[in-house]
Amino acid sequence: MKKILVPVDFSTPSENALKVAADLAKKNNAQVCVLHVIELAETLFGSEQFNVDDEQIVFFMKMAKKRFAKFMEKDFLKEIDYKDMVDIGPTSKYISEYAKKENVDMIVMGSTGVSGLEEVLIGSNTEKIVRTSPVPVLVVKKKMEDLSIKQVVFASDFDLESLKAYENAKKFADSFDAQLKLLYVNLPGNQFYSTKEIHEQMRKFLHEAEVELNEENVMIYNDYTIQLGVINGANTLNADLIAMPTHGRRGLSHFFNGSIGEDVVNHSTLPVITFKI
């Protein structure tokens, strides 16, 4: 991990995300790219490319840069290699374009923004990035004084399509010397599977990953929805972080065929890292 992108809106959640990114940067000797996007209404400035010479836009840019300078006065950034950038346009689009341009290895985001007159990194932007980002997205909700991760839960249906996500989750857990536990959420009705069937699915999955099935590190959690099962199962296991693959909107399996990743991100109090497959 050499480059970490942190979109910020000057809110407390984005500050929490920046702190986590700084800790990750120290651990990996990485650079932090801090991005603030001013999302102005198209009704005011038109849907075409913004004219940065416009007097009002120049005013917003100056105000944003002034707030940016104050926002970056953090003790935890003193020994960090970072760069910052302010831009104008659709937030999620600019985050994705910047991540691609800078060839970042991870995006770290706060899950909510602020309300009122301040620029807002709204929840829907986080959801869009979780759904579409080709690089891992770590979503942080609470302030983490110390980035101590000892228990990671990997939630999946253990279809072979999720194998790469599992391998990346394992690398992330190993970087913290954390234990990685496997979580399968069993649903009622026609999506119910027996313990034997689930273990066989996990065994085939882990065989491809060249890892032995250790039933002590496996939890089969029964719940009414995948979202509830992931969150409740992770809390039962006293996890510090939830890792999960996301299919976006392709609908390739019953497990992540819609907005499950986004729902978990929205409702979990734990940090969540997602891997696009």
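For the structure, check the block above.
Treat the numbers as computed from the prediction; the structure is a model and nothing was measured.

J.: Is there a simple way to think about the pattern of salt bridges in this case?
T.: When the charged atoms of two side chains with opposite charge come close together, those side chains can pair. Enumeration over the complete set of coordinates arrives at nine salt bridges. Here Lys3 ties to Glu102 by a salt bridge, and the two come within 3.3 Å at their closest N and O atoms. One end of the pair, Lys3, is in strand β1 (residues 3-7); the other, Glu102, is in helix α4 (residues 91-102), with 99 residues separating them in the sequence. Comparing Lys3 with Glu102 shows no difference in burial state: the two are buried. Its salt-bridge partner being Lys78, residue Asp75 comes within 3.2 Å of it at the nearest N-O pair. Each member of the pair, Asp75 as well as Lys78, carries the same accessibility label: exposed.

J.: Would you explain the pairing of strand β6 (residues 151-155) in this entry?
T.: On a regular strand, one side chain projects to one face of the sheet and the next to the other, so that they alternate. Here β6 lies mainly inside the structure; five of its five residues are buried. Of the two faces of β6, both are covered, the one formed by Gln151, Val153 and Ala155 as well as the one formed by Val152 and Phe154. Direction of pairing for β6 relative to strand β7 (residues 179-186): parallel, over a ladder of five bridges. Directly across from Val153, in β7, lies its bridge partner Lys181. Traced from β6 through helix α6 (residues 163-175) to β7, the parallel crossover comes out right-handed.

The rules behind each value
- Residues numbered from 1 in each chain as written.
- Predicted model: local features only at pLDDT ≥ 70, side-chain atom pairs only at ≥ 80, totals over all residues.
- Heavy atoms only, no water.
- Salt bridge = Lys/Arg side-chain N within 4 Å of Asp/Glu carboxyl O.
- Helix = DSSP H or I, 4+ residues; strand = E, 2+ residues; numbered from the N terminus.
- Buried < 20%, exposed > 50% of the residue type's maximum accessible area, 1.4 Å probe, protein only.
- Pairing = 2+ DSSP bridges.
- Right-handed = clockwise from strand over helix to strand, strands pointing away.

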